[in-house]
Amino acid sequence: MGKVQPKGKIKEMRKIRTYQEVSHDTGSELLEQVIEQQERLADRLSQVKCLVAIASGKGGVGKSAITANLAAGLASRGFKVGATDADLNGPSLGRMLNVSGATLVDSADGVEPAMSPSGVSVMSMELLQSEADAPLKWREPAMGGFIWQSSMETGVLREFLGDVVWGDLDVLLIDVPPGTDKIKRLLELLPSLDLLLLVTTPSETTRFVVAKSIRLAQEAMVDNIGLVENMESHVCSSCGHVSRLFGTEAATEEHLHGSVSLWGSIPFDPRLGALTDQGDPLITAEPESAASSALQALVERVSKHIKGGKE
Ligand SMILES: Nc1ncnc2c1ncn2[C@@H]1O[C@H](COP(=O)(O)OP(=O)(O)OP(=O)(O)O)[C@@H](O)[C@H]1O
Ligand SMILES: [Mg+2]
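All figures in this text were calculated on a predicted structure; none of them were measured in a lab.

Reading the values: rules and limits
- Residues numbered from 1 in each chain as written.
- Chains lettered and ligands numbered in written order.
- Predicted model: local features only at pLDDT ≥ 70, side-chain atom pairs only at ≥ 80, totals over all residues.
- Axes fitted to C-alpha atoms, helices over the stretch in contact; angles between N-to-C directions.
- Helix = DSSP H or I, 4+ residues; strand = E, 2+ residues; numbered from the N terminus.
- Left-handed = near helix turned anticlockwise from the far one by under 90°.
- Contact = placed C-beta atoms within 7 Å.
- Nonpolar A, V, L, I, M, F, W, Y, C, P; charged D, E, K, R; others polar.
- Core = buried A, V, L, I, M, F, W, Y, C linked by C-beta atoms within 7 Å.
- Buried ≥ 20, exposed ≤ 12 C-beta atoms within 10 Å, placed from the backbone.
- Near = placed C-beta within 6 Å.
- Pairing = 2+ DSSP bridges.
- Arc of directions from axis to C-beta.

At their nearest, the axes of helix α3 (residues 63-76) and helix α11 (residues 290-308) sit 9 Å apart, and the two run at 65° to each other. Helix-helix and strand crossings are classified by hand; for α3 and α11 the assignment is right-handed. Of the residues in α11, those touching α3 at N69, L70, G73 and L74 are L295, Q296, L298, V299, V302 and S303. Residue composition of the contact of α3 with α11, grouped by class: six nonpolar, four polar and no charged.

Structure, rendered in structure tokens:
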């Protein structure tokens, strides 16, 4: 049970001002700092040809595994690829791209990203934590930490994108954490997003959440929204029999695909999970597998988009 706050304290907490209310000089230079960071971000991202976010709204649907395979697949085709793990609380992209334990180097121009064996520049909160099992803790005010949390998270993401020496990139992939609110915040931070890939599974519960993400992105006028259906089927490794994993009809086509186009259908393959989780994305580790072919089809479509994207 939390302690009961004395009345005076509660009144004091209610005095916390909104962002608009501190739009004049408060002595904290908060506004100046945000504007300066935003300018650095715009400057840095002007060197990136194509900005792609991989999101869902729903958790555990394969966003990070798809990001890792997409990154490795694009890099193997000669694209200059960067990948940011926007999941600060449950970072997994660093492991999947095999940069865990890499030391980040601070240069005059910013932080140098880690380089994966597959040739992808990676930035992740994991690389800033000294112990593998350490949960992320914010140094927040003793009271009301929850109020500051989202602005601190957005601040870190802004730094991950703006203060990292990405150099000239063909594409920067952003692995977005679960929660439709995270998509909303990312779109506010990056109004110039070129492509939003929304990962779904054929489960009704996932579709229910992803439909909200689609609507959110459409209302935010995102130019290109693509759906990636992960775990859409299961291929038996011994007899090759293809079955649906969730027992759902192909309602996705009517329900979701009608409003956005389908950019990929990835089957469930235990090797995809096992290899990717150990830092060896399936797409390069086992290029002949059915799941790799499905991932390659997604890579192909994204490649075309990058080539036809902004110069
Ligand atoms: N098509 C697939 N076949 C087999 N395993 C998969 C497939 N897609 C993802 N996985 C595995 O499922 C697990 C969850 O995937 P992942 O971590 O990528 O999901 P996520 O959407 O990023 O989760 P979170 O919301 O927590 O960030 C991982 O171990 C991943 O390797
Ligand atoms: Mg993830």
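Structure shown, so let's carry the discussion forward.
Glancing now at the nonpolar core. The biggest cluster of nonpolar side chains holds 68 residues, and the ones touching the most others in it are V52, I54, A71, V81, V171 and L173. No other element matches the eight residues that α3 contributes to this core. Those residues in contact with I54 that lie beyond four places of it in its chain are K63, I66, T67, L173, I174, D175, V176, L197 and V199.

Turning to the site of ligand 1, a few remarks are in order. Every one of the 22 residues lining ligand 1 counts as a neighbour, but G59, G62, S64, A65 and G273 are closest to it. Elements supplying a minimum of two residues to the shell around ligand 1: α3, β9 (225-235), β11 (261-268) and α9 (270-277). The element best represented in the shell around ligand 1 is α9, accounting for five residues. Of the residues that constitute the shell around ligand 1, the class distribution is nine nonpolar, nine polar and four charged.

Buried residues dominate strand β2 (residues 81-85), accounting for five of its five residues. The side-chain alternation of β2 yields two buried faces, one formed by V81, A83 and D85 and the other by G82 and T84. Both β2 and strand β6 (residues 120-123) contribute to a ladder of four bridges, which runs parallel. Opposite T84, over in β6, you have M123 as the bridge partner.

As a further point, take the environment of L161. Considering the arrangement of structural elements, one finds L161 in helix α5 (residues 145-162). It is 9.4 Å that separates the C-alpha atoms of L161 and A42, two residues lying 119 residues apart in sequence. In this view, L161 contacts L41, R44, L45 and T84; residues no more than four positions away in its chain are not counted.

As for its position among the elements, D280 is in the loop between α9 and α10 (282-285). In the structure, D280 is positioned 185 residues away from R95 in sequence and 9.1 Å away in space, judged by C-alpha atoms. Ignoring any residue separated from it by four or fewer positions in sequence, one finds D280 in contact with N98, L275 and A285.

Attention shifts here to unusual backbone geometry. Even without glycine at this site, M221 takes up a positive phi of about 60°. Mapping M221 onto the fold places it in the loop between α7 (204-219) and β9. You can call M221 exposed: it has 8 C-beta atoms within 10 Å. Positive phi outside glycine occurs at M231, with the angle close to 60°. Counting through the fold element by element, M231 comes out in strand β9. What makes M231 buried here is the crowd of 23 C-beta atoms within 10 Å.

Before going further, it helps to examine α9. Where α9 is concerned, the buried positions are L272, L275 and T276. Looking straight down α9, one finds its buried side chains confined to an arc of 95°; they lie on one side. α9 presents P270 and A274 as exposed residues on the side facing more than 90 degrees away from its buried surface. Residues of α9 that are buried make contact with α3, α4 (93-96), α10 and α11. G279 sits one or two positions beyond α9 and adopts a positive phi of about 90°.

On to helix α6 (residues 180-189), then. Within α6, burial applies to K182, I183, L186 and L187. Along the axis of α6, the buried positions cluster into a sector of 135°, meaning they face one direction only. Along α6, the residues that are exposed and aim more than 90 degrees away from the buried face are D181 and E188.

By the element assignment, L169 lies in strand β7 (residues 169-175). Judged by C-beta crowding, with 21 C-beta atoms within 10 Å, L169 ranks as buried. Sequence separation of L169 and S121 is 48 residues, and the distance between their C-alpha atoms is 9.4 Å. Among all residues touching L169, those that are not within four sequence positions of it are Q47, V48, K49, K80, V81 and G82.

So far we have only geometry, and geometry alone does not tell us how the molecule works.
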